[in-house]
Amino acid sequence: MKNLEALKVTSSWVQHATTFSATIDSSTSQSLSKIDIPDFLTVPDTISTWFPVQYSVLPALFKDIQAPPPLRPRDVAIAAPTGSGKTICYVLPVLAAVGSRPSNSLHAVILVPVQTLVTQIVEEFRRWNGPEGTAKVVSLSGANDFDKEQRQLSADPPNVIVATPARLVQHLTAQIPPPIDLSKLRFLIVDEADRMGKLMREEWLDLVEFLCGGMERVACLNDVIRQRRAPQKIVLSATLSKDVEELHLWNLFKPKLFSATATKAKDITSTVPMDHISGRLALPSSISHRLIVSDSKFHPLAVYQQIQRNKFNRTLIFVNEVSSSNRLAHVLKELSQGEFEVDYFTAQLFGKRRYKMLEKFNKNPNRVLICSDVLARGTDLNRVDCVINYNLPADDKLFVHRAGRTGRAGQEGYVISVGDKETKRLFVKMLKVTNLWGDTVEEQMEEYLFEKDLERYTKAIESLKTIVSTNTKTKNGSAAKRSGFEAKRKSRPNARGEKPWLKKKTTTTE
Ligand SMILES: Nc1ncnc2c1ncn2[C@@H]1O[C@H](COP(=O)(O)OP(=O)(O)OP(=O)(O)O)[C@@H](O)[C@H]1O
């Protein structure tokens, strides 16, 4: 039996992609005058040029709006590095489609995997929509009260909805007919598309396509005519997968791919296995990566020394477990002694507290934010100087997205990964397979390098142990109290079903 060689099927639309530079600098950015945008849109002060992905995508999408093709516009897939400005690629076309005198119909639905991104994208719409805000943009996510959202949708139908898939489906199925009319949708946009998971079609895409109408595969002339109403799909990600079956899930109509070429600084060899739409995973060229290898018991001290030595103004530290975040926060607070503020952000933070935490990080210098991977994708924080992988990322895509929280919009960024001899081996192998290892610097930190801070570090660990043991005692105490209460409750007569308060009828004979 001859073992069959795995076939690499590459769709023709992937092969004939429109490419642009992944590097953002004065030579690859274009002046704003090169693209005519509708005059009712206000250009934010921070925007002075078009980034490569915007200069490549915007003219095509504006053309589909100004001169709609006879059938329906081709769907679009956008693969560009983190921080390269993909959000604007759909914000402007959506606002242009809504127009300066918007009707009451829903023009666009934008779906993102996490609620922090929902708020961030609504903010981006507001930045371009101007203070008067011609288009009505609403957010639907776990950050808001569901009933309040329902009332708002019925009272004042929006032109644009930015939502998490779960919350959108909740609104679409909570009442019949749903308060959201998808039948006249012009855009169906999915940001961080490859994060939506393989079950997305069962979970929400089938329902949304059914309510949009016209998404069936063409089987007859009637389908072709019905398809004219279907919304144009735009899927985006920094790590858009090239897997044919994954792309097939999106049921894209004659898709056009806009894809970044290899970054200038990291010339990636073609031997890299093609598991990614632009043929490879890549970090923005403005990011440098350093791997610190030391005994794991010194990792918190190594992190502290890196922040102190490099004088990072804002540092994001990714951990894999919630428990590590508050322990690491305590040790860093003890070590820093006020040199920098330390907070931690995990998925357990709800509603407004999330945004207050991010706002505090964005607005103040000398901050360290310890977080879980809920912030790894898409989150656009203000000038993060350094991303630290305190726990190494589980896979290469997560490494790219975590690293992409720094080095955004062409700014310089540093990524520091912390490992020990064992974890380092697997991590280096993972990065070398997809050539993300690039020009990473490896630094062995031996025990003698920690001596100068060892005393303070030991004190910090001791105080952490005291806190942990106190918490454990309190937990046990309350558990004991609960079990004591439980025991008392069980001992009460009525817990045994007896009713001593009902006087027994004594007969006179007794
Ligand atoms: N033309 C531009 N000029 C200046 N800054 C820009 C421009 N376009 C985008 N930016 C800024 O660059 C940052 C990154 O933009 P954006 O969040 O759209 O990147 P992204 O590609 O979506 O990143 P990710 O893949 O992490 O989601 C934002 O702060 C945005 O304001």
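In this text the structure is predicted, and so the values were computed from the model without any measurement.

**What to know about the sheet that holds strand 5 (residues 108-111)**
Here is step 1 of the chain: The 8 strands are arranged 1-10-4-9-8-5-7-6 in an open sheet whose pairing can be described as parallel. A single partner strand is all that each edge strand has here, and the edge strands are strand 1 (18-20) and strand 6 (137-140). Taking each pair of neighbouring strands and ignoring which way they run, the sheet shows an average axis angle of 15°.
Here is step 2 of the chain: Two strands pair when backbone bridges link them, and strand 8 (residues 187-190) and strand 9 (residues 232-237) are joined in this way by 4 bridges, in the parallel orientation. Its bridge partner being in strand 9, Phe187 is matched across the sheet by Gln232.
Here is step 3 of the chain: Of the strands in this sheet, strand 6 and strand 7 (160-163) are in contact with helix 5 (residues 146-155), which crosses strand 6 at around 150°.

**Overview of the site of the ligand**
Here is step 1 of the chain: What surrounds the ligand is a group of 20 residues, the closest being Thr49, Gln54, Lys86, Thr87 and Asp380.
Here is step 2 of the chain: Residue Lys86 places a side-chain N or O atom 2.7 Å away from an oxygen atom belonging to the ligand.
Here is step 3 of the chain: A distance of 2.7 Å is found between an oxygen atom of the ligand and a side-chain nitrogen or oxygen belonging to Thr87.
Here is step 4 of the chain: Considered on its own, the ligand offers 640 Å² of accessible surface; in the complex 90% of this is hidden by protein.

**Quick word on the pairing of strand 15 (residues 386-389)**
Here is step 1 of the chain: Here strand 15 shows a buried face lined by Cys386 and Ile388 and a second buried face lined by Val387 and Asn389.
Here is step 2 of the chain: Note: strand 12 (residues 314-318) against strand 15, 4 bridges, orientation parallel. Residue pairing in the sheet places Ile317 in a bridge with Ile388 of strand 15.
Here is step 3 of the chain: Where strand 15 meets strand 16 (residues 413-419), 4 bridges bridge the pair, whose relative direction is parallel. Within strand 16, the residue paired with Asn389 across the bridge is Ser417.
Here is step 4 of the chain: After leaving strand 15, the chain enters helix 13 (residues 396-403) and then returns to the sheet as strand 16, a path that is right-handed.

**Structural notes on the packing of aromatic side chains**
Here is step 1 of the chain: Tallied over the entire structure, the rule returns 7 aromatic pairs.
Here is step 2 of the chain: Ring centres of Phe298 and Phe450 lie 4.7 Å apart, and the angle between their planes is 15°; on these two criteria the pair is classed as stacked. With Phe298 in the loop between strand 11 (287-293) and helix 10 (299-310) and Phe450 in the loop between strand 17 (441-444) and helix 15 (451-491), the pair connects residues that are 152 residues apart, well separated along the chain. Note on accessibility: Phe298 and Phe450 belong to one class, buried.
Here is step 3 of the chain: Seen in terms of ring centroids, Phe298 and Tyr457 are 6.4 Å apart; in terms of plane orientation they differ by 40°. Their pairing is tilted. One end of the pair, Phe298, is in the loop between strand 11 and helix 10; the other, Tyr457, is in helix 15, with 159 residues separating them in the sequence. The same class applies to Phe298 as to Tyr457, namely buried.
Here is step 4 of the chain: Residue placement shows Arg186 over the ring face of Phe187; its charged tip is 4.4 Å from the ring centre.

**Topic: unusual backbone geometry**
Here is step 1 of the chain: The peptide bond linking Ile176 to Pro177 adopts the cis configuration, its omega dihedral lying at -5°.
Here is step 2 of the chain: Structurally, Pro177 can be placed in the loop between helix 6 (165-174) and strand 8.
Here is step 3 of the chain: In this structure, Arg383 takes a positive phi of about 45° despite not being glycine.
Here is step 4 of the chain: Mapping Arg383 onto the fold places it in the loop between strand 14 (367-371) and strand 15.
Here is step 5 of the chain: Classification of Arg383 as partly exposed rests on a relative accessible area of 45%.

**Looking at the side chain of Arg186**
Here is step 1 of the chain: As for its position among the elements, Arg186 is in the loop between helix 6 and strand 8.
Here is step 2 of the chain: Once residues within four sequence positions are removed from consideration, Arg186 is found in contact with Asp64, Ile65, Pro73, Ala97, His107, Pro231 and Gln232.

**Comments concerning the sheet that holds strand 12**
Here is step 1 of the chain: Taken together, 7 strands build an open sheet; the order of strands is 13-14-12-15-16-11-17 and the sheet is parallel. Each end of this open sheet is capped by a strand with a single partner; those strands are strand 13 (341-345) and strand 17. Ignoring which end each strand starts from, the neighbouring axes of this sheet average 20° apart.
Here is step 2 of the chain: Across 4 bridges, strand 11 lies against strand 17 in parallel orientation. The partner of Arg290 across the bridge, within strand 17, is Val441.

Procedures and definitions
Residues numbered from 1 in each chain as written. Predicted model: local features only at pLDDT ≥ 70, side-chain atom pairs only at ≥ 80, totals over all residues. Heavy atoms only, no water. Pairing = 2+ DSSP bridges. Helix = DSSP H or I, 4+ residues; strand = E, 2+ residues; numbered from the N terminus. Axes fitted to C-alpha atoms, helices over the stretch in contact; angles between N-to-C directions. Contact = heavy atoms within 4.5 Å. Near = heavy atom within 4 Å. Polar contact = N/O pair within 3.5 Å; in protein donor to acceptor, adjacent residues only side chain to side chain. Areas by Shrake-Rupley, 256 points an atom, 1.4 Å probe, with all protein chains shown as cover. Buried < 20%, exposed > 50% of the residue type's maximum accessible area, 1.4 Å probe, protein only. Right-handed = clockwise from strand over helix to strand, strands pointing away. Phe/Tyr/Trp six-rings, centres within 6.5 Å; stacked < 30°, edge-to-face > 60°. Lys NZ or Arg CZ within 6 Å of the ring centre and 35° of its normal.

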